[in-house]
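Each chain is listed here by its residues.
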Amino acid sequence: MQNPEWPAIAAIMPAAGIGSRMQAALPKQYLQLHGKTLLEHSVARLQAVPAVSAIWLALAPDDSYFAATALAHSDIQRVKGGAERMHSVLNALQFIDEHHYPWVLVHDAARPLVRPDDIEKLITQCLAANEGGILACRVRDTMKRGELCVAETVSREHLWHALTPQFFPTAMLKAALKDAIQAGVAVTDEASAMEWAGHKVLLVEGRSDNIKITQPADLALAAFYLEQLAQ
Ligand SMILES: Nc1ccn([C@@H]2O[C@H](COP(=O)(O)OP(=O)(O)OP(=O)(O)O)[C@@H](O)[C@H]2O)c(=O)n1
Ligand SMILES: C[C@](O)(CO)[C@H](O)COP(=O)(O)O
């Protein structure tokens with residue numbers, strides 16, 4: 001639920017990947033799902049949250065698909081993506097004035113099913129605690145470590161799948177990402193940079209259907225989830 005006390009919130013959407021694991025003819029964020037691209041779905045989810053005042057899209061410098069989307073005619077800011085997701089996010093952060101937008105959400109273009117109420121739940125809990133955090137869902141399967149055979153069974157207790165959005169104070173995230181990248185830290189999400197910098201990261205339980213479209217089968221699963229919702 002929107003709270004009038006909330007500060008202006010900026011959102012970054014990393015959308016500069018090539019989707020290699022999807023093995024599609026075009027970057028996966030431009031694949032169609034129920035008549036819209038994944039990118040358009042993901043942006044619409046952010047736009048359904050009134051507290052999100054502005055969105056910055058990180059697009060590949062050679063992106064030739066964006067122009068054909070409905071977003072090309074919107075006032076959404078576009079910035080150049082980088083070699084890896086963390087670079088794309090850091091590039092976008094350079095355009096966000098932390099005095100105007102003290103908090104920033106980062107949400108993958110590849111996660112088109114996030115529910116606006118889960119985004120608001122993340123914002124509510126983080127602002128109440130004055131700590132950054134992430135949407136996450138608990139691991140439900142038995143976890144194994146190994147390659148060709150099992151090396152060990154890993155306790156699933158306290159194990160979570162990190163999702164997006166991830167929500168942090170803008171200035172803190174800028175500094176942590178910059179320092180972590182410079183230190184050569186493996187930054188696969190914003191939280192790992194914040195953890196490395198010593199900040200607390202809240203885990204806010206989100207729905208497990210907030211999947212990242214990564215491999216071909218994920219698109220059919222996303223369509224199934226959308227059909228379930230429409231019923
Ligand atoms: N240099 C990059 C790499 C990824 N992303 C974005 O980060 C999100 C999550 O990354 P991932 O699922 O790994 O997407 P890709 O990198 O495109 O996929 P792959 O690893 O299969 O190539 C996606 O929305 C992707 O567009 C980005 O903005 N800039
Ligand atoms: C940020 C993320 O969605 C958290 O699960 C995920 O790490 C992004 O995907 P990638 O394959 O790690 O780039």
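Not measured: the values here are computed from a predicted model. (Residues numbered from 1 in each chain as written. Chains lettered and ligands numbered in written order. Predicted model: local features only at pLDDT ≥ 70, side-chain atom pairs only at ≥ 80, totals over all residues. Heavy atoms only, no water.)

Participant: Outline the UniProt feature "site: Transition state stabilizer" (unreviewed entry) in the protein, listing residues and values.
Facilitator: Mapped onto the present numbering, the UniProt feature "site: Transition state stabilizer" (unreviewed entry) falls at Arg21 and Lys28. Taken from the residues named earlier, the lining of the largest pocket is made up of Arg21 and Lys28. Mapped onto the secondary structure, Arg21 falls in the loop between strand 1 (9-15) and strand 2 (32-33). Excluding its chain neighbours within four sequence positions, the residues that come into contact with Arg21 are Lys212, Thr214, Gln215 and Pro216. Note that Lys28 resides in the loop between strand 1 and strand 2. (UniProt positions renumbered as here; feature names shortened; annotations may be inferred. 1 Å grid on protein atoms, 1.4 Å probe; cavity = no way out; pocket = protein on both sides within 12 Å on 5 of 7 lines; lining within 4 Å. Helix = DSSP H or I, 4+ residues; strand = E, 2+ residues; numbered from the N terminus. Contact = heavy atoms within 4.5 Å.)

Participant: Give a description of the site of ligand 2 that names residues and reports values.
Facilitator: Surveying the vicinity of ligand 2 reveals the residues Arg21, Arg85, Asp108, Arg111, Ala162, Thr164, Thr188, Asp189 and Lys212. Here Arg21 contributes a side-chain N or O atom positioned 2.7 Å from an oxygen atom of ligand 2. Surface burial for ligand 2 is 75%, taken as the share of its 350 Å² of free accessible area covered by protein chains. When atoms are counted within 2 Å of each cavity's grid points, the one that captures over half of ligand 2 is the largest pocket. (Near = heavy atom within 4 Å. Polar contact = N/O pair within 3.5 Å; in protein donor to acceptor, adjacent residues only side chain to side chain. Areas by Shrake-Rupley, 256 points an atom, 1.4 Å probe, with all protein chains shown as cover. Sits in = over half its atoms within 2 Å of the grid points.)

Participant: Now, about the nonpolar core: what can you tell me, with residues and values included?
Facilitator: Among the nonpolar cores identified, the biggest contains 32 residues, and Leu39, Val43, Leu57, Phe66, Leu105, Ile123 and Phe167 are the most heavily contacted of them. Excluding residues that lie within four positions of it along the chain, Leu105 makes contacts with Ile9, Ala10, Ala11, Ile12, Leu46, Val52, Ile119, Leu122, Ile123, Pro165, Gln166 and Phe167. Within the second largest apolar cluster, 28 residues are counted, among which are Ala58, Leu93, Ile134 and Ala193. (Core = buried A, V, L, I, M, F, W, Y, C linked by side-chain atoms within 4.5 Å. Buried < 20%, exposed > 50% of the residue type's maximum accessible area, 1.4 Å probe, protein only.)

Participant: Please set out the pattern of salt bridges residue by residue, giving values where relevant.
Facilitator: Per the stated rule, a full pass over the model turns up nine salt bridges. With its nearest N and O atoms 2.9 Å apart, the salt bridge here joins Asp108 to Arg85. Of this pair, Asp108 sits in the loop between strand 6 (103-106) and helix 3 (116-129) while Arg85 sits in helix 2 (residues 85-93), and the two are 23 residues apart along the sequence. The exposure class assigned to Arg85 is partly exposed, which follows from its relative accessible area of 24%. Counted as one network, the salt bridges with shared partners bring together Arg85, Asp108, Arg111 and Glu190. (Salt bridge = Lys/Arg side-chain N within 4 Å of Asp/Glu carboxyl O.)

Participant: Can you lay out the UniProt feature "site: Positions MEP for the nucleophilic attack" (unreviewed entry) in the protein for me, pointing to particular residues and giving the numbers?
Facilitator: Mapped onto this numbering, the UniProt entry annotates "site: Positions MEP for the nucleophilic attack" (unreviewed entry) at Arg156 and Lys212. Checked against the lining of the largest pocket, the annotated residues just named reduce to Lys212. Of note, Arg156 is situated in the loop between strand 9 (150-154) and strand 10 (160-169). In contact with Arg156, not counting residues within four places along its chain, are Val139, Arg140, Asp141, Thr142 and Met143. Of note is the side chain of Arg156, whose polar atom sits 2.6 Å from the backbone oxygen of Arg140. Residue position: Lys212 is located in the loop between strand 11 (202-205) and helix 6 (216-230). Assessed through its relative accessible area of 27%, Lys212 is described here as partly exposed. Not counting chain neighbours up to four residues away, the residues in contact with Lys212 comprise Arg21, Lys28, Asp108, Ala110, Arg111 and Asp218.

Participant: Tell me what's going on with the layout of surface pockets, and back it up with residues and numbers.
Facilitator: By volume, the largest pocket amounts to about 770 Å³. If you trace the largest pocket, you find 33 residues lining it, with Gly17, Arg21, Lys28, Arg85 and Lys212 closest to the centre. For the lining of the largest pocket, the secondary-structure elements that each account for two or more residues are strand 1, helix 2 and strand 10. For the lining of the largest pocket, the element with the most residues is strand 10, which contributes four residues. Looking at side-chain class alone, the lining of the largest pocket contains 15 nonpolar, 10 polar and eight charged residues. Considering only enclosed or pocket space, the second largest pocket measures out at about 330 Å³ in volume. For the second largest pocket, the lining is made up of 16 residues, of which Cys137, His161, Leu163, Ser208 and Ile211 are closest to its centre. (Points joined across faces, edges and corners; volume = space filled by probe spheres on them. Nonpolar A, V, L, I, M, F, W, Y, C, P; charged D, E, K, R; others polar.)

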